[in-house]
Amino acid sequence: MPGGAEAVRPRPGAPGVVGVVWGLLVLNTLGSAGAKTIVPLPRSLIQLVTMGALVAAFTLALALNLRLRVRASAFLLLLTLLLVPSVLSSVQLESGLGALFRCARLALFVATLWLLSRWWDGEVAFVRHHIRMYFAVLGSVAVGLVVSPGAALPDLYGGRLVGALWPLTPPQIGQYAAVIVGLTVLLVLGRRTDRTSAAVVIVPSLVLLALTHTRTATLGLLIGLVVAIGSLVLTSTAARRFFTWAVLCAAVAAVGFASALRAWFLRGQSQEHLTSLTGRAKVWDALLAADRSTVEKAFGVGLGDKSFGGLPIDNSWLAVYHEQGWTGVTLVAAVVLVLGGVALLRPPSLQRACAIFLISYCAIASYTEAGLGDASPYLLHLTVAASLLAAPAAAPPLPAPATRRRRVPRWARNPEVT
């Protein structure tokens, strides 16, 4: 090579179809319950679409990875082990035949993640897939808002933004908006995207987040960004500059718009209603006070719709305890702790900051949202974090250069000594 430089074979990146697989997984986790849409969609049709998306995602992932090459992952191993309490509790049919169906869905979901792990290389490819797919979902929400403001801001939800084309609840929309805003901000700080492209994502997403009046998503976004940017402060001038301006703007907003922020945060609720977490505390107390057998305490009652007594549990830890018992709680806690521990041990980088943001957001949201123990957007967020924390795959070795043998004259092959 000229100048003595060695040739380096580039590592093959993830094919574009991987983004399609990721989009199908996102579609599968959108759910089938929510507000009334402009065009009524039967729940059976929505479930057919979401489950069809999961089957298609698994099929495409398998076609891309026919040799079943996967990466060793403690995260995926723990998710696989989570199937054990899910199946053991679901076969008792306390939650009906739907529990076994949900177990099959979780198994197919985790299997698809295993197949995709081949392309985990510690880069931001899956972050970009994540942002694109959820921005497309938010685009459908924005179209519904423009087409039918009354359906998108119904009185049933207190005027909060819902999905008018696809049944999405305000917490769902708030979650998607908060996650892609946080990731896009970090990509800008890491100089992985330009400010114009970032503004196209951030500005409308913040508007939709504000219209949802979702407190959990807002707090998760703010706290997650503080922790993530804090991990970059010592090594990034852009992070230090952004952090300083953010603190100044927050201080000005807290002083100048205190009353408006308080009104937005309360959403017209009384202090007592806010203290009881919008009625969630009553459901939690009833769930914890319910009589359970030893088997139910260990393995739960089976995968269900994350409700107790007909009311949503809205807490990931209590939902896992109810459906998968203490075994499930232990495994889910191990998932979060393993990812958090690996992130803390990594040197400061953009990938580490994005992973910290996603882990922090999921940990905060788990207090008032369910989903860590089943196929859900929260598991997709943690999967992106796991892909960011994966060690880069080693490049395949270069073949040894062919050496040309010098032709030796016949008279010189066996010289005689005289």
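Everything in this summary refers to the structure shown in the same document.

### Some remarks on the overall build of the chain
Line of reasoning, step 1. Of regular secondary structure, the chain possesses 18 helices and two strands.
Line of reasoning, step 2. Of all 418 residues assigned to the chain, the portion counted as buried reaches 44%.
Line of reasoning, step 3. Here the analysis covers contacts within the chain between residues at least 6 apart in sequence; of these, 76% occur between residues at least 24 apart.
Line of reasoning, step 4. A total accessible area of about 21,300 Å² is found for the chain, and carbon and sulfur atoms account for 67% of it.

### Re the nonpolar core
Line of reasoning, step 1. W22, L25, F75 and L186 are the most contacted members of the largest nonpolar core, which has 105 residues in total.
Line of reasoning, step 2. For this core, the leading source of residues is helix 7 (residues 170-189), giving 12 residues.
Line of reasoning, step 3. Those residues within four positions of F75 in sequence are excluded, and the remaining contacts are W120, V335, L339, L379, L382, T383 and A386.

### Brief notes about the packing of aromatic side chains
Line of reasoning, step 1. Under the criterion given, the structure shown has five aromatic pairs.
Line of reasoning, step 2. With a centroid separation of 4.7 Å and 25 degrees between ring planes, the pair formed by Y134 and Y176 is classed as stacked. Within this pair, whereas Y134 is found in helix 5 (residues 125-147), its partner Y176 is found in helix 7, the two being separated by 42 residues in sequence.
Line of reasoning, step 3. A residue is classified by how much of its surface remains accessible, and Y176, at 1% relative accessible area, is buried.
Line of reasoning, step 4. Ring geometry for W284 against Y367: centres 5.4 Å apart, planes inclined by 70 degrees, an arrangement best described as edge-to-face. Of this pair, W284 sits in helix 13 (residues 280-289) while Y367 is found in the loop between helix 16 (350-365) and helix 17 (377-389), placing the two residues 83 residues apart along the sequence.
Line of reasoning, step 5. On the accessibility criterion, W284 (8% relative accessible area) is buried.

### Description of the side chain of S117
Line of reasoning, step 1. In this fold, S117 is placed in the loop between helix 4 (97-116) and helix 5.
Line of reasoning, step 2. Once you skip the residues sitting within four places of it in the chain, S117 turns out to touch V70, R71 and L76.

### Some remarks on helix 16
Line of reasoning, step 1. Counted at 1.5 Å a residue, the expected span for helix 16 with its 16 residues is 22 Å, and the 22 Å between its end C-alpha atoms agrees.
Line of reasoning, step 2. Summarising burial for helix 16: 14 of the 16 residues are buried, a large majority.

### Overview of a positive patch on the surface
Line of reasoning, step 1. A surface patch of like charges, here positive, comprises R191, R195, R240 and R241.
Line of reasoning, step 2. Among the secondary structure elements, R241 is positioned in helix 10 (residues 237-256).
Line of reasoning, step 3. Owing to a relative accessible area of 48%, R241 belongs among the partly exposed residues under this scheme.

### Digging into unusual backbone geometry
Line of reasoning, step 1. Positive phi is not limited to glycine here, since L68 has a value of about 55 degrees.
Line of reasoning, step 2. Tracing the backbone through its elements, the reader meets L68 in the loop between helix 2 (43-64) and helix 3 (74-90).
Line of reasoning, step 3. Notably, R191 is not glycine yet its phi reads approximately 60 degrees, a positive angle.

### With respect to helix 8 (residues 195-212)
Count 3.6 residues to each turn of an α-helix, and residues three or four apart come out pointing the same way.
Line of reasoning, step 1. The terminal C-alpha atoms of helix 8 lie 25 Å apart, and with 18 residues this matches the ideal 26 Å at 1.5 Å per residue to within 8%.
Line of reasoning, step 2. Buried residues of helix 8: A198, V201, I202, S205, L208, L209 and T212, and no others. Taken around the axis of helix 8, the buried residues stretch over an arc of 140 degrees, which confines them to a single face. For helix 8, the exposed residues set more than 90 degrees away from the buried face come down to R195 and T196.

### Comments concerning the pattern of salt bridges
Oppositely charged side chains may form a pair once their charged atoms are brought near each other.
Line of reasoning, step 1. As enumerated under the stated definition, the model contains three salt bridges in all.
Line of reasoning, step 2. One salt bridge in this structure joins R192 and E123, with 3.7 Å as the shortest N-O distance. With R192 in the loop between helix 7 and helix 8 and E123 in the loop between helix 4 and helix 5, this residue pair connects regions lying 69 residues apart in the sequence.
Line of reasoning, step 3. Judged by relative accessible area, E123 falls into the partly exposed class, the value being 34%.
Line of reasoning, step 4. With a shortest N-O distance of 3.1 Å, K306 and E323 are connected by a salt bridge. Here K306 is found in the loop between helix 14 (294-299) and strand 1 (307-308), whereas its partner E323 is found in helix 15 (residues 316-345), with 17 residues between them in sequence.
Line of reasoning, step 5. Among the charged side chains, a network of salt bridges with common partners joins K306, E323 and D374.

Reading guide: rules and limits
- Residue numbers run consecutively from 1 along every chain, following the written order of its sequence.
- Local features in this predicted model are restricted to residues whose pLDDT is 70 or higher, and side-chain atom pairs enter the listing and the counts only when it is 80 or higher, whereas totals over whole chains, interfaces and linings include all residues.
- Note: side-chain values were computed over all heavy atoms of the structure, leaving out hydrogens and water.
- Note on conventions: DSSP H or I runs of at least 4 residues are helices, E runs of at least 2 residues are strands, and numbering of each starts at the N terminus.
- Relative accessible area decides the class of each residue, using a 1.4 Å probe on protein chains only: under 20% of the type maximum gives buried, over 50% gives exposed, and in between gives partly exposed.
- The contact definition used throughout considers only heavy atoms, calling two residues in contact when any of these lie within 4.5 Å.
- Accessible areas in this description were obtained via Shrake-Rupley with a 1.4 Å probe; residue shielding takes into account the shown protein chains only.
- Residues enter a nonpolar core if they are buried and are Ala, Val, Leu, Ile, Met, Phe, Trp, Tyr or Cys, with the set joined through side-chain atoms within 4.5 Å.
- Pairing of aromatic side chains requires ring centres within 6.5 Å, counting the rings of Phe and Tyr and the six-membered ring of Trp. Pairs whose planes differ by under 30 degrees are stacked, by over 60 edge-to-face, and all others tilted.
- Multiplying 1.5 Å by the helix residue count minus one yields the expected span of that helix.
- Only residues whose relative accessible area exceeds 30% and that form no salt bridge enter a patch; like-charged residues are grouped when within 9 Å of one another, and nonpolar side chains (Val, Leu, Ile, Met, Phe, Trp, Tyr) when within 5 Å.
- Salt bridges are defined as contacts in which a side-chain nitrogen from Lys or Arg sits within 4 Å of a carboxyl oxygen from Asp or Glu.
- We score Asp and Glu as negative and Lys and Arg as positive, and we do not count His or the chain ends.
- Where a charge lies is defined by one atom per residue type: Lys uses NZ, Arg uses CZ, Asp uses CG and Glu uses CD.
- Note: the arc covers the axis-to-C-beta directions of the helix.

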